[in-house]
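Coordinate analysis (summary)
One letter stands for each residue in the lines below.
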Amino acid sequence: MNPNIGITDKNRKAVAATLNLLLADEYVLYTKTRNAHWNIEGPDFHSVHLYFEKLYEELDEIVDSVAERIRKLGHYAPATLKEFLELTHLTEKLSEKNDSQGFIKELLADHEAIIVFIRENLDAINDAHKDAGTADFLTGLIEDHEEIAWMLRSHLK
Ligand SMILES: [Fe+2]
């Protein structure tokens, strides 16, 4: 049964399509953060290893909330690694080194790319697609990513 929530089918579909892209980015970033947790090397190993664990746990919650937002709009969430790799704007390949600075730079760039992507789509979701609920959810998500980005950035001084 389609959700009867005052958003047209066309608009729900358009918003879900944007959320699919975001879900793929969040999932790839979650995996990259686990990579950082597992493969970090250097004299600051212990603290950064634990910090990356906290980050991927946060991303795990974000991934879940984006997927469930898609379901609330009456659509199915992409849920295979193949789909995520086809949909994502991010690349899995690390261009930086395996030390904390390298991983942190890489993760920061990805968080910032996600912030920019959400911001670029926010007005259309709120105005053109009339989905205030998703716009509010995404505004909160921008704040979450901005907080993470600030903390990552602070390691690079
Ligand atoms: Fe672990």
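What this report covers is the structure whose coordinates are included nearby. Values in this document were obtained by computation on a predicted structure and should not be read as measured data.

Procedures and definitions
- Residues numbered from 1 in each chain as written.
- Predicted model: local features only at pLDDT ≥ 70, side-chain atom pairs only at ≥ 80, totals over all residues.
- Heavy atoms only, no water.
- Helix = DSSP H or I, 4+ residues; strand = E, 2+ residues; numbered from the N terminus.
- Rg over C-alpha atoms; globule rule 2.2 N^0.38 Å.
- Contact = heavy atoms within 4.5 Å.
- Areas by Shrake-Rupley, 256 points an atom, 1.4 Å probe, with all protein chains shown as cover.
- Lys, Arg positive; Asp, Glu negative; His and termini not counted.
- Charge placed at Lys NZ, Arg CZ, Asp CG, Glu CD.
- Phe/Tyr/Trp six-rings, centres within 6.5 Å; stacked < 30°, edge-to-face > 60°.
- Buried < 20%, exposed > 50% of the residue type's maximum accessible area, 1.4 Å probe, protein only.
- Lys NZ or Arg CZ within 6 Å of the ring centre and 35° of its normal.
- Patch = residues over 30% accessible without salt bridge, like charges linked within 9 Å, V, L, I, M, F, W, Y side chains within 5 Å.
- Salt bridge = Lys/Arg side-chain N within 4 Å of Asp/Glu carboxyl O.
- Core = buried A, V, L, I, M, F, W, Y, C linked by side-chain atoms within 4.5 Å.

1. Considering the overall build of the chain
Scanning the chain from terminus to terminus reveals 5 helices and 0 strands. In the chain, the order of α-helices and β-strands from amino to carboxyl end is α-α-α-α-α. On C-alpha atoms alone, the chain measures out to a radius of gyration of 17 Å, which is about the 15 Å that the 2.2 N^0.38 rule sets for 157 residues. Once the C-alpha set of the chain is aligned to its principal axes, its extents read approximately 55 × 30 × 20 Å. Residue pairs at least 24 apart in sequence account for 77% of intrachain contacts in the chain once pairs closer than 6 positions are excluded. Carbon and sulfur atoms make up 53% of the accessible area of the chain, which amounts to about 8,800 Å² in all. Within the chain, one finds 17 positive and 29 negative side-chain charges whose respective centroids are separated by 4 Å.

2. Topic: the packing of aromatic side chains
Counted by the stated rule, this structure contains 5 aromatic pairs. Ring centres 6.0 Å apart and planes at 35° place the aromatic pair Y51 and F52 in the tilted group. We note that Y51, like F52, is buried. Among the aromatic residues, those joined into a cluster by ring pairs are Y27, Y30, Y56 and F84. For R34, the ring lying beneath its charged end belongs to Y56, and the centroid distance is 3.9 Å.

3. Re a negative patch on the surface
A cluster of like negative charges, contributed by E57, D60, E61, D64 and E68, occupies part of the molecular surface. Note on placement: E61 falls in helix α2 (residues 45-72).

4. Let's talk about the nonpolar core
In globular proteins that are soluble, nonpolar side chains generally tend to be buried together. One finds L19, L22, F52, V66, L138, L141 and L152 to be the most contacted residues of the largest nonpolar core, which totals 44 residues. Every element with two or more residues in this core is listed here: α1 (9-39), α2, α4 (100-128) and α5 (132-154). The element contributing the most residues to this core is α2, with 11 residues.

5. Describing unusual backbone geometry
Generally, phi is negative for residues other than glycine and the peptide bonds are trans, each holding for most cases. Its identity as a non-glycine residue notwithstanding, K130 has a phi of 55°, on the positive side. The residue K130 is located in the loop between α4 and α5 in this model. By relative accessible area, which is 57% here, K130 ends up exposed.

6. Remarks on the pattern of salt bridges
For side chains of opposite charge, pairing can occur when their charged atoms come near one another. Evaluated as defined, the whole model comprises 8 salt bridges. Residue E146 pairs with R119 through a salt bridge whose shortest N-O separation is 2.8 Å. Of the two residues, E146 is situated in helix α5 and R119 in helix α4; the sequence distance between them amounts to 27 residues. Of the residues examined, E146 reaches a relative accessible area of 33% and is grouped as partly exposed. Each of K32, E106 and D110 takes part in a single network of salt bridges with overlapping partners.

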